[in-house]
Amino acid sequence: MQKIAVIGAGTMGNGIAHVFAQYGFTVSLVDIDRSLLDKALQQIGKNLDRQVGKAVITEEQKKKALSLLTPFTDMAAGVAEADLVVEAATENTAIKLKIFSQLDELAPAGAILASNTSSISITRIAAATRRPEKVIGMHFMNPVPVMKLVEIINGYATAKAVTDTIAALTLKLGKTPCVAADYPGFIANRILMPMINEAICSLYENVADAPTIDTVMKLGMAHPMGPLQLADFIGLDVCLSILKVLHEGFGQPKYAPCPLLVNMVTAGKLGVKSGEGFYRY
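Residues numbered from 1 in each chain as written. Predicted model: local features only at pLDDT ≥ 70, side-chain atom pairs only at ≥ 80, totals over all residues. Heavy atoms only, no water.

**Overview of helix α8 (residues 188-204)**
We apply this condition: Secondary structure follows DSSP: runs of H or I at least 4 residues long count as helices, runs of E at least 2 residues long count as strands, and numbering of each begins at the N terminus. To estimate the expected span of a helix, subtract one from its residue number and multiply by 1.5 Å. The buried label applies to any residue whose accessible area, calculated with a 1.4 Å probe on protein chains only, is under 20% of its type's maximum; exposed applies above 50%, and partly exposed to all values in between. Contacts: residue pairs with any heavy atoms within 4.5 Å of one another.
With 17 residues, α8 ought to run about 24 Å at 1.5 Å a step, and its terminal C-alpha atoms sit 24 Å apart, in line with that. Every buried residue belonging to α8 is among N189, M193, I196, N197, A199, I200, C201, S202 and L203, and all of these are buried. On its buried face, α8 sits against β6 (135-140), α9 (210-221), α10 (227-234), α11 (236-250) and α12 (259-266). A positive backbone phi angle near 60° is found at N206, which sits one or two residues after α8.

Right under this line is the structure:
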């Protein structure tokens, strides 16, 4: 595995592309929006500069990484020679199914197709292709260049050889692979999102204000960031989307999104990316 295609140039996509290029892989970064590609390449450059400043990499390594990155607005050209395609589009089932149907047609027959989804069924995504045994979840954490975990999710038909290949590849990126079965939310979000939702419910029910709730979790439970602040950084729309997947997938009321979260997303208060969520930015 040497040639990697990353679909989507947003926060996760540019972080994934950054890491693969940093570790010597040839990377095609694909997005239909040229301005988003330009912004992504600028962000990758800034993040590499930050790593040079912290002596994580050298200036030469930074230049090498940038030389390995090529932007594409044409998916067919971007994935034509890929050994692995990592999809990092928005967390929307319909969009992902469409992308994987296209990838199945455009990517080489032997290519592994991975999704960075944080909650959507890999089995369902794989069903949009004629190669379900080569479809797998590769869930990176944000910020990708810093976070060491990659949650690997096996679909119903994912071949063991594919899982082993992706786990070995994850280690080459200096990260730790953790393999999960394909159930709603996998491991990370099945545990994290109900905690965030409960924090929102505590605010909704006037148990305490946002800074107090976050302080209790930081000082009492040694969390580096409180759940409400973390929700702002993840994006409240993303949190709501994942909770809906959990609620629909398990059919249990404990996963029902808090009404306050629903109202905030409806009002466009999405956290850091909109300038306001539980805090102002």
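**Side note on the packing of aromatic side chains**
We apply this condition: Two aromatic rings from Phe, Tyr or Trp, using only the six-membered ring of Trp, form a pair when their centres are within 6.5 Å; if the ring planes differ by under 30 degrees the pair is stacked, by over 60 it is edge-to-face, and anything between is tilted.
Applying the stated criterion to the full structure yields 4 aromatic pairs. Measuring from ring centre to ring centre gives 5.5 Å for F20 and F25, while their planes differ by 90°; the resulting arrangement is edge-to-face. Residue class for F25 comes out buried when judged on its relative accessible area of 5%. An angle of 80° between the planes, with centres 6.0 Å apart, marks the rings of F233 and Y281 as edge-to-face. With F233 in helix α10 and Y281 in the segment after α12, this pair connects stretches of sequence that are 48 residues apart.

**Side note on the UniProt feature "binding site: NAD(+)" (unreviewed entry) in the protein chain**
Applied cut-off: UniProt positions are given in the numbering used here, feature names are shortened, and annotations may be inferred rather than shown by experiment. Here a cavity denotes a set of grid points, spaced 1 Å apart and computed over the protein atoms alone, in which a 1.4 Å probe fits but from which it cannot get out, and a pocket denotes an open set meeting protein on both sides within 12 Å along at least five of seven lines; residues with an atom within 4 Å of a point are reported as lining.
Following the UniProt record, the feature "binding site: NAD(+)" (unreviewed entry) maps to G8, A9, G10, T11, M12, G13, D31, E91, K96, S118, N142 and K273 here. Those annotated residues that line the largest pocket are G8, A9, G10, T11, M12, G13, D31, E91, K96, S118, N142 and K273. If you trace the backbone, G13 turns up in helix α1 (residues 11-22). A residue is classified by how much of its surface remains accessible, and G13, at 0% relative accessible area, is buried. If we skip the residues at most four places from it in the chain, G13 touches V6, G8, L29 and A88. Here N142 is to be found in the loop between β6 and β7 (149-154). Other than its neighbours up to four places away in sequence, N142 contacts T11, M12 and M147.

**Let's talk about the pattern of salt bridges**
Going by this rule: The term salt bridge refers to a side-chain nitrogen of Lys or Arg lying within 4 Å of a carboxyl oxygen of Asp or Glu.
In the structure shown here, the tally under the stated rule is 13 salt bridges. K96 serves as the salt-bridge partner of E87, at 2.4 Å between the closest nitrogen and oxygen. E87 sits in the buried class, given a relative accessible area of 0%. Linking D164 and K160 is a salt bridge whose minimum nitrogen-to-oxygen distance equals 2.8 Å. With a gap of 4 residues between them, D164 and K160 both fall in helix α7 (residues 160-172), about one helical turn apart. Judged by its relative accessible area of 62%, K160 is exposed. A cluster of three or more residues bridged by salt bridges with shared partners is formed by D104, E105, R130 and R131.

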